[in-house]
Amino acid sequence: MIRINQMKLNIEHTPADFERKILKTLRIKKEELQGFQIRRQSIDARKKPELYYVYSVDVQVKDEAKWMLKYAKHYWGAILLYCVLGVLATVMGLAGSVMSKYLIDIVTGYDTKAIGWVVSLMIAMGMGNIVLNAITSRATVLISTKVYNEIQAEIYDRVMEADWESLYEYRSGDLINRLTGDVKTVSDSVISWFPSLITKGAQFLGALVIILYYDPTMAVIALLSAPVSVLMSRVI
């Protein structure tokens, strides 16, 4: 699933215009589009009398992984760094949860002997989280800007080499939006899709291992309740 944010269309647009905008934004063919769902809709009235709808749309694309790979292969280093930072943050979060359990045991008097190493570890993890967040924020800005600028330069070169007569039907605002909002949508998808998959997978497996270690019965109940929760969310 690919999310397109800040997709702007004239307020009098038709469903066909909406679909064409999605195809142009993602640079895919009509047969590759499997479906879409509008998540958010607002009105942009800053340039009266022209009014625009602004959408956030979730798009289902055929061979989505292949489409992502086409762009992602140029940024494997950045994506790998995102994955490492995401997994480290996940490990720190899970470790914090375990430390909280031991801290509760200490406060309730169940295991007061562990207070020394628990407090030490929690202080160390707190400092580690500060350093990790700083590194992640810095890396995110640098990598996102680099990928955004490179994709934007590629689109700009294509516009400059295009047949200008064929572009006459498009307003200058449409082309500018292509170079800004649409490029940001693609760049964000490229550098976040695979790292998000790895991070969420690591988070799920880590949480499952922790629950299995402390209470296998609760882990089984949680796994069995997951399909029911998904089914109920779709029905309701």
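Read on for a plain summary of the structure.

Topic: the pattern of salt bridges
Working step 1: Within this structure, the stated rule accounts for four salt bridges.
Working step 2: Of the charged contacts in the structure, one is a salt bridge between Lys8 and Asp44, with a shortest N-O distance of 3.1 Å. With a gap of 36 residues between them, Lys8 in strand β1 (residues 2-10) and Asp44 in strand β2 (residues 33-44) connect regions that are remote in the sequence.
Working step 3: In this structure Lys8 comes out as partly exposed when scored by relative accessible area, which is 28%.
Working step 4: Here Asp44 falls in the buried class, since its relative accessible area comes to 9%.
Working step 5: Across the salt bridge formed by Arg39 and Asp58, the nearest N and O atoms sit 2.6 Å from each other. Taken as a pair, Arg39 in strand β2 and Asp58 in strand β3 (residues 52-61) lie far apart in primary sequence, 19 residues in all.

Quick word on the nonpolar core
Working step 1: In this structure, Tyr75, Ile143, Val147, Ile151 and Ile191 are the most contacted members of the largest nonpolar core, which totals 17 residues.
Working step 2: Elements represented by at least two residues in this core include exactly α3 (76-107), α4 (115-161) and α5 (172-214).
Working step 3: Among the elements that line this core, the one with the most residues is α4, at seven residues.
Working step 4: The next biggest cluster of nonpolar side chains, apart from the first, holds 14 residues, and it includes Ile2, Ile4, Leu23 and Tyr55.

Comments concerning the side chain of Thr90
Working step 1: Within the fold, Thr90 resides in helix α3.
Working step 2: Leave out the neighbours within four places in its chain, and Thr90 touches Thr199, Ala202 and Gln203.

A few points about a nonpolar patch on the surface
Working step 1: Taken together, the side chains of Trp76, Phe194, Leu197 and Ile198 define a hydrophobic patch exposed on the protein surface, amounting to about 360 Å² of accessible area.
Working step 2: Per element, the largest residue contribution to the nonpolar patch is three residues, and it comes from α5.
Working step 3: Within the secondary structure, Trp76 is located in helix α3.
Working step 4: In this structure Trp76 comes out as partly exposed when scored by relative accessible area, which is 42%.

Details of helix α1 (residues 15-26)
Working step 1: For α1, built from twelve residues, the straight-helix expectation of 16 Å at 1.5 Å per residue is met to within 8% by its first-to-last C-alpha distance of 17 Å.
Working step 2: Taken residue by residue, α1 has Phe18, Lys21, Ile22, Leu23, Thr25 and Leu26 as its buried positions.

Conventions used here
- Residues numbered from 1 in each chain as written.
- Predicted model: local features only at pLDDT ≥ 70, side-chain atom pairs only at ≥ 80, totals over all residues.
- Heavy atoms only, no water.
- Salt bridge = Lys/Arg side-chain N within 4 Å of Asp/Glu carboxyl O.
- Helix = DSSP H or I, 4+ residues; strand = E, 2+ residues; numbered from the N terminus.
- Buried < 20%, exposed > 50% of the residue type's maximum accessible area, 1.4 Å probe, protein only.
- Core = buried A, V, L, I, M, F, W, Y, C linked by side-chain atoms within 4.5 Å.
- Contact = heavy atoms within 4.5 Å.
- Patch = residues over 30% accessible without salt bridge, like charges linked within 9 Å, V, L, I, M, F, W, Y side chains within 5 Å.
- Areas by Shrake-Rupley, 256 points an atom, 1.4 Å probe, with all protein chains shown as cover.
- Expected span 1.5 Å × (residues − 1).

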